[in-house]
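# Structural description and commentary
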Amino acid sequence: MDRVLLAAIALLAGALVWVVSGTLEQKVINVDDQAPPFSVTTDNGRTVSLSNFGGKLLVLNFWASWCEPCVVEVPSLDAFQRELAPQGVVVLGVSIDRNERLYRQFLGKAPVSFLTARDPDANISSSYGTFLFPDSYIIDPNGKVIEKIINAQNWLDPQFLDHIQKML
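Residues numbered from 1 in each chain as written. Predicted model: local features only at pLDDT ≥ 70, side-chain atom pairs only at ≥ 80, totals over all residues. Heavy atoms only, no water.

To continue, consider helix 2 (residues 68-84). Residues lying three or four places apart along an α-helix face the same way, a consequence of the helix completing one turn every 3.6 residues. The end-to-end C-alpha distance of helix 2, which contains 17 residues, comes to 25 Å, matching closely the 24 Å that a straight helix rising 1.5 Å per residue would cover. In the structure, helix 2 departs most strongly from a straight axis at Val-74, where the bend amounts to approximately 40 degrees and where the proline Pro-75 lies between one and four residues downstream. Residues of helix 2 that are buried include every one of Cys-70, Glu-73, Val-74, Ser-76, Leu-77, Asp-78, Ala-79, Phe-80, Gln-81 and Leu-84, and no others. (Helix = DSSP H or I, 4+ residues; strand = E, 2+ residues; numbered from the N terminus. Expected span 1.5 Å × (residues − 1). Bend = angle between axes of the 7 residues up to and from the residue. Buried < 20%, exposed > 50% of the residue type's maximum accessible area, 1.4 Å probe, protein only.)

Bringing unusual backbone geometry into the picture now. Cis geometry is found at the peptide bond from Phe-133 to Pro-134, where omega equals -5 degrees. Secondary-structure assignment places Pro-134 in the loop between helix 4 (123-127) and strand 6 (135-139). A positive phi angle, close to 80 degrees, is found at Asp-32, a residue other than glycine. Following the sequence through the fold, Asp-32 ends up in the loop between helix 1 (2-24) and strand 1 (39-41). Using a relative accessible area of 55% as the deciding quantity, one classes Asp-32 as exposed. If you check the backbone angles, Asn-151 has positive phi at about 90 degrees while not being a glycine. Using a relative accessible area of 42% as the deciding quantity, one classes Asn-151 as partly exposed.

Glancing now at the pairing of strand 7 (residues 145-150). Note that strand 6 and strand 7 share five bridges and pair antiparallel. Bridge assignment links Ile-138 to a residue of strand 7, and that residue is Glu-147. Connecting the antiparallel pair strand 6 and strand 7 is a turn made up of five residues, with Gly-143 showing a positive phi of about 85 degrees. (Pairing = 2+ DSSP bridges.)

Note that every value here comes from positions in space, so none of it alone points to a role or purpose.
Right, dumping it as structure tokens:
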């Protein structure tokens with residue numbers, strides 16, 4: 001009887017581990033995937049969601065003020081936004097900074113023209129499977145990810161700009 005009980009317990013424990021491990025698997029969003037929906041309040045007080053950018057090419061950039069590659073990337077991302085905004089490109093920078101004071105302090109020293117928001121619990125970046133920063137997703141007007149950029153990007157690189165122009 002003890003062996004039957006032990007076998008049943010082992011079988012149930014194995015089934016529990018299998019079920020729990022399946023729920024812990026995080027989906028990573030890649031090129032050709034549909035972008036997960038999100039909603040965030042930007043620093044100018046406007047609540048935006050993925051559907052707010054219909055008809056435009058959205059660059060969704062996940063960053064943090066404590067991330068050195070993110071800090072290096074900001075000036076070229078800002079210039080990219082200013083250059084391509086007339087052609088229908090919108091940049092939304094979503095910071096995972098937990099400390100609001102440090103976040104605001106950074107933006108005070110490096111003001112940007114693109115939309116910014118703070119997601120201190122990293123809910124949005126987690127829904128994209130992002131765990132390295134900076135991480136950017138270029139999303140077409142239909143909500144499809146057409147480019148994924150992991151790590152800092154020179155957003156003004158002529159080859160990259162040409163590549164983006166072809167997407168418009």
